[in-house]
Amino acid sequence: MKLRLTPELAYLVGMWYGTPYKKGLGIKGEQDIQEIFIEHVLSLGIAQPNQILVKKDGAYIQQTKYKKFFKEIMEERFIRFKYCNDYSAAFWAGVFDAIGGIENKMLYLSKF
């Protein structure tokens, strides 16, 4: 089965881009962001609950097929996400949820 980018996967790619975990395919961060990541992974059927590894500083799965797909998407991110559409919106929502916030009525991305 060939993987295809969907807005839901674009959201996960954005989260992963914002805070990638070194082991497997996952994110670094607090428990609340880990829960969002796990919820999306389970809802998309990427992994079963027993395949998700949760550590103190992040959560990840061992899915080389998806990790390779995410890396391919990131190599093409300037082409794929340059237009205003559902894919770009989902990608940037994932980035914002992973490393963004609002302070003094201003949006910010803590990593960039």
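One structure accompanies this document, and this report is about it. Residue positions are given per chain, counted from 1 along the sequence in the order it is written. Only residues with pLDDT of at least 70 get local features here, since the model is predicted, and only at 80 or more are side-chain atom pairs given and counted; chain-wide, interface and lining totals rely on the full set of residues. Water and hydrogen atoms were dropped before computing side-chain values, which therefore reflect all heavy atoms in the structure.

**A few points about the packing of aromatic side chains**
Then, in step 1: Stacked, tilted and edge-to-face are the three classes applied to pairs of Phe, Tyr and Trp rings, where Trp contributes its six-membered ring and a pair requires centres within 6.5 Å; stacked means planes under 30 degrees apart, edge-to-face means over 60, and tilted covers the rest. Under the criterion given, the structure shown has six aromatic pairs.
Then, in step 2: Plain terms: the ring middles of Trp16 and Phe70 are 5.8 Å apart, the flat faces sit at 65° to each other, and that makes the pair edge-to-face. With a gap of 54 residues between them, Trp16 in helix 1 (residues 7-18) and Phe70 in helix 3 (residues 64-75) connect regions that are remote in the sequence.
Then, in step 3: When its relative accessible area of 10% is taken as the criterion, Trp16 is described as buried. Put simply, DSSP marks the helices as runs of H or I at least four residues long and the strands as runs of E at least two long, and each gets a number from the N terminus on. Think of it in three bands: with a 1.4 Å probe and only protein chains considered, a residue is buried below 20% of the maximum accessible area for its type, exposed above 50%, and partly exposed in between.

**Looking at the packing of helix 1 against helix 5 (residues 86-99)**
Then, in step 1: For every element, the axis is a line fit to its C-alpha atoms; helices are fit only across the contacting stretch, and the angle between N-to-C directions ranges from 0 to 180 degrees. Look at helix 1 against helix 5: their axes get within 7 Å of each other, and the N-to-C directions meet at 35°. You can see that helix 1 and helix 5 cross each other, and the crossing is right-handed. On helix 5, the residues touching Pro7, Ala10, Tyr11, Val13, Gly14, Met15, Tyr17 and Gly18 of helix 1 are Asp86, Tyr87, Ala90, Phe91, Ala93, Gly94, Val95, Asp97, Ala98 and Ile99. Left-handed is the label given to a crossing in which the near helix is rotated counterclockwise from the far helix by less than a right angle, and right-handed is the label when the rotation is clockwise. Contact definition: two residues touch when any of their heavy atoms are within 4.5 Å.

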